[in-house]
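These are the residues of each chain, in order.
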Amino acid sequence: MRIGVVTFPGSNCDYDCYKAVQEALGAEAVFLWHKDHDLGGVDAVFLPGGFSYGDYLRAGAIARFSPIMREVREFAERGGPVAGICNGFQILCEAGMLPGALIRNRSLRFISRPVHIRVEASRPPFTSAYREGQVLTIPVAHGEGCYVADDETLDRLEGEGLVAFRYCDAAGEITPEANANGSERNIAGIVNERGNVLGMMPHPERAVDPLLGSGDGAGLFRSLAEWLVTA
Amino acid sequence: MSEYRVEVRVVPREGILDPQGKAVAGALKSLGFGGVGEVHVGRLVTLGLSADSAEAAETAATEMCRQLLANPVTEDFEVRVLEAAGR
Amino acid sequence: MSEYRVEVRVVPREGILDPQGKAVAGALKSLGFGGVGEVHVGRLVTLGLSADSAEAAETAATEMCRQLLANPVTEDFEVRVLEAAGR
Amino acid sequence: MSEFTADAPLPRAGDPAITPALVDEHGLSGDEYESILAILGREPTFTELGVFSAMWSEHCGYKNSKPLLRTLPTTAPWVLQGPGENAGVIDVGDGLAIAFKVESHNHPSAVEPYQGAATGVGGILRDVFTMGARPVAVLDSLRFGEIDGPEGGRVRYLLAGVVKGIGDYGNCVGIPTVGGEVYFDSAYEGNPLVNAMAIGVLKKEELIKGVAEGVGNPIMAVGSKTGRDGIHGATFASAELTEENQKKRPQVQVGDPFTEKLLLEASLELIRSGHIVGIQDMGAAGLVSSSTEMAARSGTGVDIEITDVPVREPGMTPYEILLSETQERMLVVAKRGHEDDVRAILARWDLDAATIGWVTDTGRYLVRENGRVVVDIPGEPLVDACPTYTREGRESPEIARLREWTPAELRPRPEEADPTWTLRQLLDAPTIASKRWIYEQYDSTVRTNTVVGPGSDAAVIRLRGTRKAIAATIDCNGRYAYLNPRRGGRIAVAEAARNLVCSGARPLAVTDNLNFGNPLKPEVYHQLSEAVRGIAEACTVLQTPVTGGNVSLYNENPRGAIYPTPTIGMVGLIEDVAHVTRSHFEAEGDVIVLLGGNTGELGGSEYLKVIHGLVTGDAPAIDLAVEAALQHSLLEAIRAGLVRSAHDCAEGGLAVALAESAIGGGGPFGVEVDLDDDLPTAALLFGEAQSRVAVSCTHASVDALLDLMRRRGVPAARIGRVGPAGGEFVVRTRSGEIRAPSAELARIYESAIPRRMEGAPQAVDAALQSEVSLP
Ligand SMILES: Nc1ncnc2c1ncn2[C@@H]1O[C@H](COP(=O)(O)OP(=O)(O)O)[C@@H](O)[C@H]1O
Ligand SMILES: [Mg+2]
C-alpha cells in the first residue's frame, strides 16, 4: 500500500498527513510534488490542508492548475480514492471534482478549535469504519470553510446520501450554534457520486493520537486501509 | 499591439451567501449611517494587457475570468477595457 | 429622498507590495495568457443608498470609506454614484 | 571577486548636503556625528549617513540599553547560543536543540495593526529558521488601551487587526500559535504593544549562524524583490510616536506569508545542503544591518554592488536599497562556486537569488553603484563603536508615593458585602476574562505536536520521536513594574517559570522584550535599569539565563510613557509527556491544595483597578528563594504523579485562580473551599500575593503531597474539594462567602471579550481591510 500526499507551494498540513498515513493507516506514505506529471503508482491520494499559493484570490483557485492535478483527476475518474482536507477540499471544489464552493466563514474570522461532526454516511473507502450517526471530535482550522451551493445541488447531495459529515453538538444534534462556519445545512464534508472523492474541512490527520486530544480521525485512515486491502 | 488597462469586476452571485456584505451593512448601520440598503463586497482586478485590439483584450480577459478570476459557482463577473494606457 | 446605487472601489496604494496581485499575475502567465502586465487585486463594494441627492450620497459614501471601507494607510479609494437604482 | 578600491566615495548627484539638520533628522547626536567623522576621517556621504543612522539606532545599536543588558546572566551548561545571534539556542538532549526569540512590532502595529502584527510574526519566524531550526510554535504578548474607555473604538480596531494579522500570517505559514497574553490598560492607549515569540527545533549539528566567513565567498540576496517599504522603519521604531510621524506615515511593510513559507522550506533545505556558510534575515534596517552584522561576527569585510540587488520599483537609490525593510528577504553567504546549487534549491521553491557581492578580508563595509564606491566604512566600528549611554535614572516621586498606600486606606464599596459580586466583576474584566475570542483565530494544532494549546498556564509541544516535550509561556504584569520596576522584573520571570512548572516542565531559559518609554527621561531610565536588575536577580536564582531578546524604547503616547513592560518569554523541558499537567480541575471529589502562603497584599492588583479604579500600592513582595523552593517541590510532586492539576495565582488572586481551574477543561466544575486565614476577605480572595499555586490531587495522593511539601518547607494547606460538573462554586472566608453556579461564572468569563467585539464595526473594519493584501 502506497499513499500519496501532494505538496503544493503553501501546503502546510502535508507533513501531518504523511505522518498520519504512517501511524494511523500503517501504510507507506510518499510526497507528490505539485509539478510532477505522475502519481508514482500510489493507491490513494491526499490533498492536504494549508494555503496553496497563499490562497490568494480564492482558496484553492490557483493550485487546481498545478500539473499534478491532471493526474489526480484522471486517477479519480478511474475510481482511485482521493481525499481533500481543508485546503484540499477547497481545491477539489475549485477543480470541479466536487460540487459547490467554500467561502469566507460567516463570522469573517478564522476558526481554530475542536468541533463535533456527525457521520452521515458510513461507506467505503473513507468512512466505513464509522457508524452512521457517530459523533466525532476533530479540529477545524480555516477562514474559508463555509460550504455553499445552489439549492438543487444541496438537495441532490442530501437525496443521494453524498453528505459525509455535518457539524453537530456533543449529542449529535444538527443545530445552528454547532455550525462552526455557517455552512449551508451544516455540511462539513461531502463525497462525489462514486464516493471515491471526499472533501472535508475538519482535520482528521490532527486527531489520530489521543495525546493531542482526540483519536477520532483515525477511523478515516482505517476505512481507507480496509478498502485498499479488499480492493 | 497596444497596451490596455482592463478592469474585471467580480461580485457574489445573487442569492449566494455574502457574509462580508452582510457584516459591512451591519457595521455601517452601527456607525450611524442611515439609508443603507443592500451591500455586497466583491473583487476588483485591474490588469495591464497588451493586445491587438480592444476586442481582443476583452476576449482574453473574459477567458481569464472563466478560468481563474471568478468562481463560476458563486460569482458573476464583468469585464471592462479602459482607454489604452498611454505608454 | 431617492435611491442610489453607489460603487466603492478600493485598491492597494501605489508602491505598496501587493502579493495577491503578484500571485494572480503569475498564475495567468502560467495558464498561458500572453501580454499580461501589472495585476492588482482590490475590493469592490456596492451599496444601495437612499439620499437627498447624488452629492449627498457621494459625501456619505466617502465618509464610509474613511471610517470603514478603506484602510487609510495602505489603500486608495474611489466613490461612484450610479444612476438612481430604479425601485 | 572585484578589486578593492581605496578612493573615498564621492556624493551622488541629487544627494542632499550633510547639514546639522539632516544629521539630526537621522537621529544622530552631535557627538555621534563627531565620532562618525573620526571613524571615516572625512565627511560621510548621504548614503553613509543613512547607514550609520540605521546601525546606530536604538533598534540595531542598543545605544541606551547595552550597558544594562550586559548585567543579565546568559550562561548555563545547556545554553548553546546566547545573545548576539538571530536567536538563542538551548540543548534539550537526544541530539535536539531549541531556538527561540521574541521580537516587538509596537510602532508598526500602532500605525497599521494588521500589517504591523503580521510582519512582526514574519520577522521572528525568520530569526528562528535562519538558525537552522524548524519553527514549531509562536506565542504573542499584547497590550492595548481600555476596551471600554473613551478610546474603545480604536482599541477594538487595534485588537481585531493585530489578532487577525498574527493569525493570518502564522496560520498561512503553518506554525501553530499556542499561547500568549493580553492586557488592557489606558497606559497603552495610542501605543499598543505587540510582542511575538517564536520557537524552533533543530538537530544540534544543524545549528548555523549569521556569519560572512571565507574571503571570496559570494553574498546572495534571496526572496522578495526590494521595494521602498518601511524605509527608516528601524529608526522610526526607535523614535517617539508623535502626531508628526503619525501623519508622516512611513511606507508600511506588507507581509507575504506565502513567500515566507517558501523561504522557510528553501532556507532549511539550503542549510542542510552544505552549500552555504551563513544566512540571516534582512530585518530591521534591511540589507545594511544584515550584511554588516554578518561581516562583524566573522571579522571580515563585504564588497556589495548595489545595482545587482533585485528591486521592485525603478529608480531606487543606494540609500533606499540599503535601508529598505521589504519583508521576506534573506541574505545568504554561499560557498564559493556553489551559487548554482543554491539557485537550484531556491528555484524548486519558485524563489530567486542574486549574487550581490563578496566577502573580503579588508574588514571594510564597501558598497558600489555600477562599480563606483558609494559607501566605504570600516566595518568593526560601524557595528561596535556604536556609542552606548548610561543615562541618568531618577524615580518619579509620584510613583514612590503610590507605594506608601496601604489597604487600610480602602473604602469598600457597598456591593462588596457580597464577594460574589466582586468575583463577577473581575471575571468580566477583559484582562482577566477568557482570551478564547483571540486564540481561536490562531491555528494552534497544525504540525500535530500541540499537547496543550492556549487556555492553560503554558503551552506544551511534543518532540516527535522522544518522550519529551517543551513548554513555553510569555508573561509580564506591567502594572507591577510601574509601581515597583525591580519587583515587576522579578515577578515577570517568576510567573513565567511558575507557569512552566505548573505544566510539568523545568524552566530552562529566557528571551526578554523590554518595552519602555523614552530613556532620556530619568524616570523612564530608572524603570528600565531597575526592571533589568530584577530580571537578572530572578533569572540567576531560578537558573533561567537570558539567551536573547529585544528592546523597544520610546513607547509613549501624547499623555506620556506606557507602563514599563519587560515581557518574559520562557521555554522549559518536560522529561516525559506523562508529566504534562493542566490548569483545569479534572474530576469531582479531587482535593484542592493551596501551595504558598496568603498575605494581606492588594497593591497593584486587578481588584483595585476594576473595583476601585485605583492603580496604587506596592507590587506584591516576592522572595526568590521561596519561589524557587515552591517551583522545585511542585515539579517534584508532578513528576511523582501526585498532582492532577496546577494553576498559579496571578491577576485576580486566589478566587479567580480557583474559578479559572473550575471553568476550564471538562467542567465547569463545582468547588467547595474554606479559607480560615485571619485576613480581610477582599485581600484574601483577590490579593495577588506571589509564589502561590492552587493544585488538585486525588484522595489517595493528598497525604503524600502535603508530606512532600512539609519536608521541603513549602506552605501547603488542604482548602477544599472539586464539586460535580455544573455544580456550585463556593468559597468561604471567615467573614464572607462566594456562592454562584459554576456555569454562570463560566458564561461571564467566556463572554466578556466576545460581547465587546461581536458586530463591533471596528472588528468588521479590520476583517475587511486585510482582504486586499492577505488571505
Ligand atoms: N494573545 C494570546 N494568544 C494566544 N493565547 C493567549 C493569548 N492571551 C492569552 N492566551 C492564553 O490564555 C490563557 C490565559 O492567559 P493568562 O491569563 O496570561 O494566563 P496566566 O495568567 O496563567 O499566564 C493562557 O493559556 C494563554 O496562553
Ligand atoms: Mg499572565
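Described below are features of the structure shown in this document. (Residues numbered from 1 in each chain as written. Chains lettered and ligands numbered in written order. Predicted model: local features only at pLDDT ≥ 70, side-chain atom pairs only at ≥ 80, totals over all residues. Heavy atoms only, no water.)

## Considering the overall build of chain B
Next up, step 1: Along its length, chain B carries 2 helices and 3 strands.
Next up, step 2: Reading chain B from its N terminus to its C terminus gives the helix and strand order β-α-β-α-β.
Next up, step 3: The proportion of buried residues among the 87 residues of chain B is 51%.
Next up, step 4: Taking contacts inside chain B between residues at least 6 apart in sequence as the whole, the part at least 24 apart equals 75%.
Next up, step 5: Surface exposure of chain B reaches about 3900 Å², of which carbon and sulfur atoms provide 52%.
Next up, step 6: Averaging the locations of the 9 positively and 13 negatively charged side chains of chain B gives two centres separated by 7 Å. (Helix = DSSP H or I, 4+ residues; strand = E, 2+ residues; numbered from the N terminus. Buried < 20%, exposed > 50% of the residue type's maximum accessible area, 1.4 Å probe, protein only. Contact = heavy atoms within 4.5 Å. Areas by Shrake-Rupley, 256 points an atom, 1.4 Å probe, with all protein chains shown as cover. Lys, Arg positive; Asp, Glu negative; His and termini not counted. Charge placed at Lys NZ, Arg CZ, Asp CG, Glu CD.)

## Things to note about the interface of chain D and chain A
Next up, step 1: Taken together, the contacts link 36 residues of chain D with 31 residues of chain A.
Next up, step 2: Taken together, both faces of the contact between chain D and chain A bury some 2800 Å²; the carbon and sulfur share is 55%.
Next up, step 3: Summed over the shared surface of chain D and chain A, the result is 6 salt bridges.
Next up, step 4: Between D443 of chain D and R206 of chain A there is a salt bridge; the shortest N-O distance is 2.8 Å.
Next up, step 5: Counting across the interface, chain D meets chain A through 16 residue pairs in polar contact (both at pLDDT 80 or more).
Next up, step 6: Mapped onto the side of chain D that touches chain A, the elements with two or more residues apiece are α8 (152-173), α11 (257-273), α14 (339-348) and β14 (450-452) of chain D. (Buried area = accessible area lost by both parts, 1.4 Å probe. Salt bridge = Lys/Arg side-chain N within 4 Å of Asp/Glu carboxyl O. Polar contact = N/O pair within 3.5 Å; in protein donor to acceptor, adjacent residues only side chain to side chain.)

## Points about the site of ligand 1
Residue and element names in this part refer to chain D.
Next up, step 1: Near ligand 1 lie 21 residues; those nearest to it are D140, G180, G455, S456 and D475.
Next up, step 2: Within the side chain of D140, one N or O atom sits 2.6 Å away from a nitrogen atom of ligand 1.
Next up, step 3: For ligand 1, an oxygen atom lies 3.4 Å from a polar atom in the side chain of D457.
Next up, step 4: A total of 550 Å² of accessible area belongs to ligand 1 in isolation, and the protein chains cover 91% of it.
Next up, step 5: Mapped by element, the contributors of at least two residues to the shell around ligand 1 are β4 (134-144), β5 (177-184), α18 (436-439), α20 (485-502) and β23 (645-648).
Next up, step 6: Here the element with the most residues in the shell around ligand 1 is β5; it accounts for 4 residues.
Next up, step 7: Across the shell around ligand 1, the residue classes tally to 7 nonpolar, 6 polar and 8 charged. (Near = heavy atom within 4 Å. Nonpolar A, V, L, I, M, F, W, Y, C, P; charged D, E, K, R; others polar.)

## Describing the packing of aromatic side chains
Next up, step 1: Enumeration over the complete set of coordinates arrives at 13 aromatic pairs over all chains.
Next up, step 2: Each ring, one from F89 of chain A and one from Y147 of chain A, has its centre 6.0 Å from the other, and the planes form 15°; the classification is stacked. A residue pair is termed long-range when its members are at least 10 positions apart, and F89 of chain A in helix α3 (residues 87-94) and Y147 of chain A in strand β8 (residues 146-148) qualify at 58 residues.
Next up, step 3: Residue F89 of chain A is classed as buried on the basis of its relative accessible area of 0%.
Next up, step 4: Of the residues examined, Y147 of chain A reaches a relative accessible area of 0% and is grouped as buried.
Next up, step 5: Seen in terms of ring centroids, Y607 of chain D and F686 of chain D are 5.8 Å apart; in terms of plane orientation they differ by 5°. Their pairing is stacked. Pair noted here: Y607 of chain D is in helix α22 (residues 606-612) and F686 of chain D is in helix α25 (residues 681-686), with a separation of 79 residues, a long-range link.
Next up, step 6: What makes Y607 of chain D buried here is its relative accessible area of 1%.
Next up, step 7: When the ring centre of Y389 of chain D is taken as origin, the NZ or CZ atom of R391 of chain D, which lies over that ring, is 4.2 Å away.
Next up, step 8: Stacked on the ring of W78 of chain D, the Lys or Arg R506 of chain D has its end atom at 4.8 Å from the ring centre. (Phe/Tyr/Trp six-rings, centres within 6.5 Å; stacked < 30°, edge-to-face > 60°. Lys NZ or Arg CZ within 6 Å of the ring centre and 35° of its normal.)

## Describing the packing of helix α7 (residues 113-129) of chain D against α11 of chain D
How two helices pack is summed up by the angle between their axes together with the distance between the axes.
Residues and elements named next belong to chain D.
Next up, step 1: Interaxial distance between α7 and α11 falls to 10 Å at its minimum, and their mutual angle equals 10°. Considering their axes alone, α7 and α11 lie roughly parallel with respect to each other. Here G122, L125, R126 and F129 of α7 lie close against α11, whose contacting residues are E260, L263, L264, S267, L268 and I271.
Next up, step 2: By residue class, the composition of the contact of α7 with α11 is 6 nonpolar, 2 polar and 2 charged. (Axes fitted to C-alpha atoms, helices over the stretch in contact; angles between N-to-C directions. Parallel < 35°, antiparallel > 145°, perpendicular 65-115°, else oblique.)

## Description of the packing of helix α21 (residues 522-541) of chain D against helix α23 (residues 624-639) of chain D
Residue and element names in this part refer to chain D.
Next up, step 1: Remark: α21 packs on α23, axes separated minimally by 10 Å, with the N-to-C direction vectors making an angle of 40°. Between α21 and α23, the angle is such that the two are oblique. Handedness of the crossing formed by α21 with α23: right-handed. Side by side, α21 and α23 meet where E537, A538 and V541 of the first sit next to L624, A625 and A628 of the second.
Next up, step 2: Its residues assigned to classes, the contact of α21 with α23 comprises 5 nonpolar, no polar and 1 charged. (Left-handed = near helix turned anticlockwise from the far one by under 90°.)

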